[in-house]
Amino acid sequence: MSDINSVAQQFTKFYYDTFDSNRSGLTALYRGESMLSFEGQQFQGAQNITEKLVSLPFQKVAHRISTVDAQPSNPNGQSIVVTVTGQLLIDEEQNPQMFAQTFNLIAEGSSFWVYNDIFRLIYA
């Protein structure tokens, strides 16, 4: 398997660049068995997850990534857990919101898809 930190960095850059510019473009990262937990709500399947992400009530969003941590998530090395923390700038707001997001990535050939995706805003 590729270096997990490199995979995590590449995945994170692709995910958030795509999220910020074209949320519907994230569909290919999910499968029918994928699960999203978004602020306590659960969605299963690529279509339902994409519908949730596209329906979020803002027009513009920019992610500022603070940390990316990765570990293998099982002994056979075919999956990676990635935890991301950072800030969100939504629409014209000047005060960013803090967030944490965790992905469980499953190897498929030379790429990965998202099996689990857990997102939370962090309120201080």
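Residues numbered from 1 in each chain as written. Predicted model: local features only at pLDDT ≥ 70, side-chain atom pairs only at ≥ 80, totals over all residues. Heavy atoms only, no water.

As named in an unreviewed UniProt entry, the protein is Nuclear transport factor 2, taken from Mortierella isabellina. Its UniProt record, at the heading Function (unreviewed entry), says of the protein: "Has a role in nuclear-cytoplasmic transport of proteins and mRNAs." (UniProt positions renumbered as here; feature names shortened; annotations may be inferred.)

*Asks:* Help me get a handle on the pairing of strand β2 (residues 41-44), residues and values and all.
*Replies:* The pairing of strand β1 (residues 30-38) with β2 spans four bridges and is classified as antiparallel. Note on β2: the bridge partner recorded for Leu36 is Phe43. Hairpin remark: β1 followed by β2, antiparallel, with two residues in the connecting loop; positive phi at Glu39, about 55 degrees. (Pairing = 2+ DSSP bridges. Helix = DSSP H or I, 4+ residues; strand = E, 2+ residues; numbered from the N terminus.)

*Asks:* Tell me about the UniProt feature "domain: NTF2" (unreviewed entry) in the protein, and please be specific about residues and values.
*Replies:* UniProt annotation of "domain: NTF2" (unreviewed entry) refers to residues 7-121 when read in the numbering used here. The span residues 7-121 is 21% helical and 52% strand by assignment, and the distance between its end C-alpha atoms comes to 24 Å.

*Asks:* I'd like a description of the nonpolar core, backed by residues and values.
*Replies:* Core analysis: the largest hydrophobic core is formed by 33 residues, its most contacted members being Tyr15, Phe19, Tyr30, Leu53, Val82 and Phe103. Looking at this core, the elements that each hand over two or more residues are α1 (4-21), β1, α2 (46-54), β3 (61-72), β4 (79-90), β5 (97-108) and β6 (111-122). A total of seven residues in this core trace back to one element, the largest contributor, which is α1. Excluding anything up to four places from it in sequence, Phe19 contacts Leu26, Leu53, Leu56, Phe58, Val61 and His63. (Core = buried A, V, L, I, M, F, W, Y, C linked by side-chain atoms within 4.5 Å. Buried < 20%, exposed > 50% of the residue type's maximum accessible area, 1.4 Å probe, protein only. Contact = heavy atoms within 4.5 Å.)

*Asks:* Please set out the sheet that holds β6 residue by residue, giving values where relevant.
*Replies:* Read from one edge of the open sheet, six strands run β2-β1-β6-β5-β4-β3, paired in mixed fashion. Two strands bound the open sheet, and with one partner strand each, they are β2 and β3. Averaged over all adjacent pairs, the angle separating strand axes in this sheet is 15 degrees, with direction ignored. As defined by bridge partners, β3 adjoins β4 across 11 bridges and the pair is classed as antiparallel. What sits directly across from Val68, in β4, is Val84. (Axes fitted to C-alpha atoms, helices over the stretch in contact; angles between N-to-C directions.)

*Asks:* Could you give an account of the side chain of Asp117, naming the residues involved and the relevant values?
*Replies:* Summarising the element assignment, Asp117 is placed in strand β6. The side chain of Asp117 is buried and forms no salt bridge, while Arg120, the nearest opposite charge, is found at 11 Å. Within the structure, Asp117 has its side chain in polar contact with the side chain of Tyr30 (distance 2.6 Å). Contacts of Asp117, omitting those with residues within four sequence positions, involve Tyr15, Tyr30, Met35, Leu36, Ser37, Gln101, Thr102 and Phe103. (Lys, Arg positive; Asp, Glu negative; His and termini not counted. Salt bridge = Lys/Arg side-chain N within 4 Å of Asp/Glu carboxyl O. Polar contact = N/O pair within 3.5 Å; in protein donor to acceptor, adjacent residues only side chain to side chain.)

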